[in-house]
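Coordinate analysis (summary)
Chain residues, written in single-letter form:
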Amino acid sequence: DQQVKQNSPSLSVQEGRISILNCDYTNSMFDYFLWYKKYPAEGPTFLISISSIKDKNEDGRFTVFLNKSAKHLSLHIVPSQPGDSAVYFCAARAGETSYDKVIFGPGTSLSVIP
Amino acid sequence: GAGVSQTPSNKVTEKGKYVELRCDPISGHTALYWYRQSLGQGPEFLIYFQGTGAADDSGLPNDRFFAVRPEGSVSTLKIQRTERGDSAVYLCASSPGQGETQYFGPGTRLLVL
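Here we summarise the structure given alongside this text.

Reading the values: rules and limits
For every chain, the first residue of its written sequence is number 1, and the numbers climb from 1 along that sequence. The lettering of chains begins at A and the numbering of ligands begins at 1, in the order of writing. A pLDDT threshold of at least 70 governs which residues receive local features in this predicted model, and a stricter bar of 80 or more applies before side-chain atom pairs are shown or counted, although totals over entire chains, interfaces and linings include all residues. Side-chain metrics rest on all non-hydrogen atoms present in the structure, leaving aside hydrogens and water. If DSSP finds at least two bridges between two strands, the strands pair. To qualify as a helix, a DSSP run of H or I must reach at least 4 residues; to qualify as a strand, a run of E must reach at least 2; elements of each kind are numbered from the N terminus. Think of it in three bands: residues with accessible area under 20% of the maximum for their type are buried, residues over 50% are exposed, and the middle band is partly exposed, with areas taken using a 1.4 Å probe on protein chains only. Criterion for a disulfide: a pair of cysteine sulfur atoms within 2.5 Å. Residues belong to one nonpolar core when they are buried, are Ala, Val, Leu, Ile, Met, Phe, Trp, Tyr or Cys, and are joined through side-chain atoms within 4.5 Å. Here a residue-residue contact requires only that any non-hydrogen atoms of the pair lie within 4.5 Å. Any Lys or Arg side-chain nitrogen found within 4 Å of a carboxyl oxygen on Asp or Glu counts as a salt bridge. Here a polar contact is recorded for every N or O atom pair within 3.5 Å, except that within protein the pair must consist of a potential hydrogen donor and a potential acceptor, and residues adjacent in sequence are included only if both atoms are side-chain atoms. Throughout, the ten residues Ala, Val, Leu, Ile, Met, Phe, Trp, Tyr, Cys and Pro are labelled nonpolar, Asp, Glu, Lys and Arg are labelled charged, and all others, Gly among them, are labelled polar.

1. Examining the sheet that holds strand 6 (residues 56-59) of chain A
- An order of 1-3-8-7-6 (chain A) is seen for the five strands of this open sheet, with the pairing classed as antiparallel. The sheet is open, and its two borders are formed by strand 1 (4-5) and strand 6 of chain A, each paired with just one other strand.

2. Observations regarding the pairing of strand 4 (residues 31-37) of chain B
Residues and elements named next belong to chain B.
- Across the seven residues that make up strand 4, a large majority, seven, are buried.
- Of the two faces of strand 4, the one holding Ala-31, Tyr-33, Tyr-35 and Gln-37 and the one holding Leu-32, Trp-34 and Arg-36 are both buried throughout.
- Summarising the sheet, strand 4 and strand 5 (residues 44-50) pair through six bridges and their orientation is antiparallel. Within strand 5, the position partnered with Tyr-33 by the bridge is Tyr-48.
- Linkage of strand 4 to strand 5, two consecutive antiparallel strands, is achieved through a turn of six residues, within which Gly-40 is found at a positive phi near 80 degrees.

3. Some points on the state of the cysteines
- This structure, assessed with the given rule, holds two disulfides over all chains.
- Two residues share a disulfide in this structure: Cys-23 of chain A and Cys-90 of chain A, whose sulfurs sit 2.0 Å from each other. Residues Cys-23 of chain A and Cys-90 of chain A are joined by a disulfide whose S-S torsion is about -75 degrees; by sign, that bridge is left-handed. With Cys-23 of chain A in strand 3 (residues 19-25) and Cys-90 of chain A in strand 9 (residues 86-93), the pair connects residues that are 67 residues apart, well separated along the chain. Cys-90 of chain A carries the same exposure label as Cys-23 of chain A, and that label is buried.
- Between Cys-23 of chain B and Cys-92 of chain B runs a disulfide, and the two sulfur atoms are separated by 1.8 Å. Between Cys-23 of chain B and Cys-92 of chain B the disulfide shows an S-S torsion of about -65 degrees. By sign, it is left-handed. A residue pair is termed long-range when its members are at least 10 positions apart, and Cys-23 of chain B in strand 3 (residues 19-24) and Cys-92 of chain B in strand 9 (residues 88-95) qualify at 69 residues. You'll find Cys-23 of chain B and Cys-92 of chain B in the same group, each marked buried.

4. Let's talk about the nonpolar core
- Counting 24 residues, the largest nonpolar core has Phe-33, Trp-35, Leu-73, Leu-75 and Tyr-88 of chain A as its most contacted members.
- Breaking this core down by element, the ones donating at least two residues are strand 3, strand 4 (32-38), strand 5 (45-51), strand 7 (62-67), strand 8 (72-77), strand 9 and strand 11 (108-113) of chain A.
- Per-element accounting of this core gives the leading share, four residues, to strand 9 of chain A.
- Apart from residues no more than four positions distant in its own chain, Leu-75 of chain A is found in contact with Ser-19, Ile-20, Leu-21, Trp-35, Leu-47, Ile-48, Phe-62, Thr-63 and Tyr-88 of chain A.
- Core analysis: the next-biggest nonpolar cluster, separate from the first, contains 20 residues, Val-4, Cys-23, Ala-88 and Tyr-90 of chain B among them.

5. Let's talk about the interface of chain A and chain B
- Counting residues at the interface gives 17 residues for chain A, matched by 23 residues for chain B.
- The interface formed by chain A and chain B holds zero salt bridges in total.
- For the pair chain A and chain B, the interface holds two residue pairs in polar contact (both at pLDDT 80 or more).
- Residue assignment for the side of chain A that touches chain B shows that the elements contributing at least two residues are strand 4, strand 9 and strand 10 (102-104) of chain A.
- Here the residues of the side of chain A that touches chain B sort into nine nonpolar, three polar and five charged.

Set out below in structure tokens:
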């Protein structure tokens, strides 16, 4: 049973618009969440993270929002650029009791159209 | 090196054969992880090393899979009696320590015929 879900396998957005990637989780023990970005033939690269004690974290064009009661988080990219086209993985960690055992979602493939 | 490197980048083998996949972590990183990514899925945790010891190998699917990190740096993932279902991209990551950001290598694409 998937503990981290990304229900949209793909998303297309026009350049300059906002991209919103969604993620849901089932394990209430998760207290730290991460987004990774992956280009073809490369490994995932860390993008942004958020602790469960926060509801928002912003880094440049990237903002992650966390709604703990809904067990939902989202990644906003604004403005979207063609170079943002990649697969985005949502991931979660259960904190100190599970050190670095990171659980990944299946990913959402983002295409930013020039 | 600047990042995590993995060799080979691609490996084709026949069912029943033995394979070894190598990971060179970022210099100085004490933590090392192996993941497996099947088509259309996210990376799936296999094993985590802290230094030379396997701190958690609960993700290894069965006893055909084994990993070592004898000197606390390079790690080798070993798969015995390969099966077609083992075909996947095997990713390695390292981090400076527990709880810190994991840096991934490009992966080894394994195809078992």
